[in-house]
Amino acid sequence: MEARVSKSLHLTTWISSDNAVPTMSNSMRFGTTFEKKKRLDMLKCNHLGTIKPAVGHRQAGLKASCTSQNSPASILESGTFTAEEDLVLKKKSKEIEPYLSGRCIYLVGMMGSGKTTIGQILSEVLDYSFVDSDKLIERAAGETPVADIFRLYGETFFRDNETEVLHKLSSMHRFVISTGGGAVVRPINWKYMQKGISIFIDVPLDALAQRITAVGTASRPLLHHGSGDAYAQTFKRLSLLWEERSEAYTNASVRVSLERMYTLPFLTYIHSLVQIEEYLKE
Ligand SMILES: Nc1ncnc2c1ncn2[C@@H]1O[C@H](COP(=O)(O)OP(=O)(O)O)[C@@H](O)[C@H]1O
Ligand SMILES: O=C(O)C1=C[C@@H](OP(=O)(O)O)[C@@H](O)[C@H](O)C1
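What you are looking at is a predicted structure, and each value in this text was computed from that prediction instead of being measured. The residue numbers shown here count from 1 along each chain, following its written sequence. Written order determines the labels here, with chains lettered from A and ligands numbered from 1. Since the coordinates come from a predicted model, pLDDT governs what is reported: local features require at least 70, and pairs of side-chain atoms require 80 or more to be given and counted, while whole-chain, interface and lining totals use all residues.

**Q** Which parts of the structure should I look at to understand the overall build of the chain?
**A** Working definition: helices are DSSP H or I runs of at least four residues, strands are E runs of at least two. Numbering for both runs from the N terminus. A tally of regular secondary structure across the chain gives 10 helices and five strands. Placing C-beta atoms from the backbone, we regard two residues as in contact once those atoms come within 7 Å. Of the contacts formed within the chain by residues at least 6 apart in sequence, a portion of 73% connects residues at least 24 apart.

Structure representation (structure tokens):
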């Protein structure tokens, strides 16, 4: 099956050629070598592949996000933080801004470490746009969920497209990018991510296994398992992946360890910003 589909999803047109942020009309286009059924899916879904532009000046005060459909318009305004915490986060982000110079922020870390959750809030605080690389891959495949991409086309196909997505994103500015947990394994991906600042969200495996067991493994094909104790199996699989990947995570510019504070959201964010600041001022 894998051999019959395009090697990549040709994510060509959603980034404008002059390296500016994508416009509302920049949508993903799909490869011409896809098998017939896939072409039909693509035609059906072609209108979905749009990334909203970075909100440079907060005209609407809200954040464009690939995953915003079911979220409150603004997480910062949703009561996640107290007014005081909100102010502290905004003050810190203002201090960082001149050093950041619009560079993208890549969040890396194991499945369930909170890359998406943290990334959405960081993007709001920094007045960046947020994007989840898995969502871009899914979108380019006609809204095919990651689990189905793995099942239908295999992991190599998924990884090739992950690399292509990161390549395209590497010419962007003012994006916080939540990457898939395995994006760190290919050295070429680091070449792209090093155009921006990468943050490794380091969470203990037992906390990851608890979170993932709570939400199930349906969307995480590498953790699918049969019957038996779900927590034990998830923990075991995460441990194996960790053995393969732990070294690759050390390539990140910054490590945010949530070992002791992963249940305190505000500290997570301020800690991430302070770590970015320290790195940028080095
Ligand atoms: N700091 C945190 N404390 C507790 N649970 C969290 C935290 N961050 C994320 N989660 C939960 O863990 C799960 C995975 O988070 P997510 O942001 O999707 O991780 P990732 O993008 O790294 O896979 C979600 O159910 C989310 O609500
Ligand atoms: O660790 C991995 O190899 C993967 C992590 C997933 O992303 P999250 O880390 O967002 O769950 C997704 O990219 C895919 O299922 C593979």
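**Q** Can you walk me through the site of ligand 1 in this structure?
**A** In the vicinity of ligand 1 there are 14 residues, among which G114, K115, T116, T117 and R211 approach most closely. At the level of elements, α3 (115-126) and α8 (205-215) are the ones that each hand at least two residues to the shell around ligand 1. Looking at the shell around ligand 1 element by element, the count peaks at three residues for α3. Each residue gets one of three labels, nonpolar for Ala, Val, Leu, Ile, Met, Phe, Trp, Tyr, Cys and Pro, charged for Asp, Glu, Lys and Arg, and polar for the others, Gly among them. Each residue belonging to the shell around ligand 1 can be placed in one class, and the counts come to three nonpolar, nine polar and two charged. All residues are tested the same way: a C-beta atom is placed from the backbone, and lying within 6 Å of a molecule or strand makes the residue near it.

**Q** Would you take a moment to explain the pairing of strand β4 (residues 197-202) for this structure?
**A** Where a strand is regular, its side chains alternate between the two sheet faces. Buried residues dominate β4, accounting for five of its six residues. Of the strand pairs in this sheet, β4 and strand β5 (residues 254-257) are connected by four bridges, and their pairing is parallel. Directly across from I201, in β5, lies its bridge partner V256. Burial is judged by counting other C-beta atoms within 10 Å of a residue's own C-beta: 20 or more means buried, 12 or fewer means exposed, and anything between counts as partly exposed, with every C-beta placed from the backbone. Between any two strands, pairing holds if DSSP finds at least two bridges.

**Q** I would appreciate a short explanation of α3 in the present structure.
**A** Three- or four-residue spacings in an α-helix give side chains the same orientation, since the helix completes a turn every 3.6 residues. Each residue after the first adds 1.5 Å to the expected span of a helix. Taking 1.5 Å per residue, 12 residues should reach 16 Å; α3 reaches 16 Å between its end C-alpha atoms and fits that length. Those residues of α3 that fall on the buried side of the exposure criterion are K115, I118, G119, Q120, I121, L122, S123, E124, V125 and L126. Lining the buried residues of α3 we find α2 (83-100), β1 (105-108), β2 (129-132), β3 (175-178), β4 and α10 (265-281). Phi turns positive one or two residues past the end of α3, at D127, with a value near 60°.

**Q** Before we go on, may I ask you to explain the nonpolar core in this structure?
**A** Across soluble globular proteins, you tend to see nonpolar side chains buried next to one another. Core analysis: the largest hydrophobic core is formed by 45 residues, its most contacted members being I105, L107, V176, I177 and I199. For L107, the residues in contact, after removing those within four places along its chain, are K115, I118, G119, V176, I177, S178, T179, I199 and I201. Judged by nonpolar contacts, the second largest core, of seven residues, contains M110, M111, L208 and L223. Residues of type Ala, Val, Leu, Ile, Met, Phe, Trp, Tyr and Cys that are buried and joined through C-beta atoms within 7 Å form what is called a nonpolar core.

**Q** Is there a simple way to think about the sheet that holds β1 in this case?
**A** Hydrogen bonds between backbone atoms are what pair the strands of a sheet, whose relative direction is either parallel or antiparallel. The strand order across the open sheet built from five strands is β2-β3-β1-β4-β5, with neighbouring strands paired in parallel fashion. Lying at the two open borders of the sheet, with one neighbouring strand each, are β2 and β5. Between one strand axis and the next, the sheet turns through 20° on average, direction left out of account. In this description, a line fitted to the C-alpha atoms serves as the axis of each element, helices being fitted only across the stretch in contact, and the angle between N-to-C directions of two axes falls anywhere from 0 to 180 degrees.

Just distances and angles here, no functional claims.
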